[in-house]
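# Report on the structure
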Amino acid sequence: VPASVADPGTIQQWIQGSSKKMQMQMHRSMGMRAPRLRALRPFTSVRPNAVANGNGIAHSNGTSQAPSPAETARTVVEMCSEGTLCTLAADGTPLGTAVSFTLDKTGCPHVNLAAGGLELKNLAKEARCSLQIQPTTYPARAVASVTLVGKLQGAGQQGGAMPMEVEKCLYFGGLDQTPVQGVEVGGDEFRAAESDALKSTAVELIRSWNDERAEDIYRIVSDFLKIPLTEMSYAELLWVDRLGMWVRVEAAGHGDGPHVVRVPFYRSVLDERDARSVITMAAQLAWENDRPYTPPVPSIFTDASATAAAANN
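It should be emphasised that the depicted structure is a prediction, and the values quoted were computed from it without experimental measurement.

### Thoughts on the overall build of the protein chain
Per the secondary structure count, the protein chain includes nine helices and ten strands. Here the protein chain holds 313 residues, and 46% of them are scored as buried. Taking contacts inside the protein chain between residues at least 6 apart in sequence as the whole, the part at least 24 apart equals 58%. Counting every atom, the protein chain has about 15,500 Å² of accessible surface; 52% of that belongs to carbon and sulfur.

The structure is reproduced here in structure tokens:
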């Protein structure tokens, strides 16, 4: 059953044009000249030689740096309540219609269908269908698109909330460079996966750091990529999950334009408060690395050393 896929060009246009006011304010406060932005390069990872975790993203030491396709798919589904249901007409023509749905505790949708609708007529003859789901607004829309494939059971003409038996899931990532053809996730794997702990608070975290604490993002990325802060032209937080952040970056003399990098947390976070703590700590460590400081030795130790040296002489 055909399913629509997120348009990468639309995602890149959004990333290219967002937070311009914040960018100008940031450069003025740091005494840098704001760059003239060029077209966004294809999404890229900063660990091209790393051991992958199934979606092309990994730490250099082989440990997972980003949620798996199954986890991200579960997150996307739980963030949404609307999608496009594709059913098959009697002549085999696919019909896509907008529907709303709710989720049960396993993460499988119960699709709301009106009595007497074309969808019900199609499902009465062929229960196979697909449900394409993607957040409707940015920044969440850039994360991924998910198509659930399976059957709607008990379809008749009475309508109502009908449970979907999910046989598999097609995951089309946006920020994590998933291949164009997508990644297939089995139904059992999808049901067993846990959604991200920050799915309900990520948007507010992104707004808070981009609007109020942009310098933290500059410093964290500068330290992570080992690029001097003075060469950082632009840095914007795009998405945050329990394992790390996606950041749009441009640095003078590094690469041929803006690109997207994955900055991992040093550990998995538990909730919004924990995420704020970890990001703040990362910014503090980056600040200390940028301004190395060796505290003076207390006089009590220098005096004792001088006394000992005099006694030996």
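### Quick word on the nonpolar core
Across soluble globular proteins, nonpolar side chains have a tendency to be buried as a group. The biggest cluster of nonpolar side chains holds 66 residues, and the ones touching the most others in it are L113, L131, L148, L152, M232, M245 and V247. In terms of residue count, strand β8 (residues 232-241) provides more of this core than any other element does, seven residues in total. Ignoring sequence-local partners within four residues, the contact set of L131 consists of G83, T84, L85, V99, F101, P109, V111, V146, T147, L148 and M164.

### A closer look at the side chain of T87
Within the secondary structure, T87 is located in strand β1 (residues 82-88). With a relative accessible area of 0%, T87 lands in the buried category. A distance of 3.0 Å separates a polar atom in the side chain of T87 from a polar atom in the side chain of N122.

### Remarks on the pairing of strand β7 (residues 183-186)
Going residue by residue along β7, you find V183 and V185 tucked away on one face and E184 and G186 left uncovered on the opposite face. Two strands pair when backbone bridges link them, and strand β6 (residues 160-173) and β7 are joined in this way by four bridges, in the antiparallel orientation. Of the residues in β7, the one forming a bridge with C169 is V185.

### A word on the pattern of salt bridges
According to the stated counting rule, one finds 15 salt bridges in the structure shown. Here E204 and R207 are joined by a salt bridge, their closest N and O atoms 2.7 Å apart. Placement of the pair is E204 and R207 together in helix α6 (residues 202-212), with a separation of three residues, close to one helical turn. E204 sits in the partly exposed class, given a relative accessible area of 35%.

### Some details on the environment of P139
Along the chain, P139 falls in the loop between β4 (128-133) and β5 (144-152). By relative accessible area, P139 is classed as buried at 11%. A sequence separation of 99 residues divides P139 from L238, and the C-alpha atoms of the two residues are 6.5 Å apart.

### Quick look at the packing of aromatic side chains
The relative placement of two aromatic rings is captured by the distance of their centres and the angle of their planes. The tally for this structure, following the rule as stated, stands at zero aromatic pairs. Positioned over the ring face of F190 is R74, at 5.9 Å from the centre of the ring.

### Quick notes on the pairing of strand β9 (residues 244-251)
Regular strands show a simple pattern: their side chains alternate between the two faces of the sheet. Burial analysis of β9 places eight of its eight residues in the buried class, which makes it a mostly covered element. Looking at chain direction, β8 and β9 are connected through eight bridges and run antiparallel. Residue pairing in the sheet places W239 in a bridge with W246 of β9. Once β8 ends, the chain turns through two residues before running back antiparallel as β9.

### Digging into unusual backbone geometry
Across the junction of Y138 and P139, the peptide omega takes the value 10 degrees, indicating a cis bond. The phi torsion at K226 lies on the positive side, around 60 degrees, for a residue other than glycine. On the secondary structure map, K226 appears in the loop between α7 (214-225) and β8. Looking at K226, the relative accessible area reads 67%, which means it is exposed.

Thresholds, definitions, all that
Residues numbered from 1 in each chain as written. Predicted model: local features only at pLDDT ≥ 70, side-chain atom pairs only at ≥ 80, totals over all residues. Heavy atoms only, no water. Helix = DSSP H or I, 4+ residues; strand = E, 2+ residues; numbered from the N terminus. Buried < 20%, exposed > 50% of the residue type's maximum accessible area, 1.4 Å probe, protein only. Contact = heavy atoms within 4.5 Å. Areas by Shrake-Rupley, 256 points an atom, 1.4 Å probe, with all protein chains shown as cover. Core = buried A, V, L, I, M, F, W, Y, C linked by side-chain atoms within 4.5 Å. Polar contact = N/O pair within 3.5 Å; in protein donor to acceptor, adjacent residues only side chain to side chain. Pairing = 2+ DSSP bridges. Salt bridge = Lys/Arg side-chain N within 4 Å of Asp/Glu carboxyl O. Phe/Tyr/Trp six-rings, centres within 6.5 Å; stacked < 30°, edge-to-face > 60°. Lys NZ or Arg CZ within 6 Å of the ring centre and 35° of its normal.

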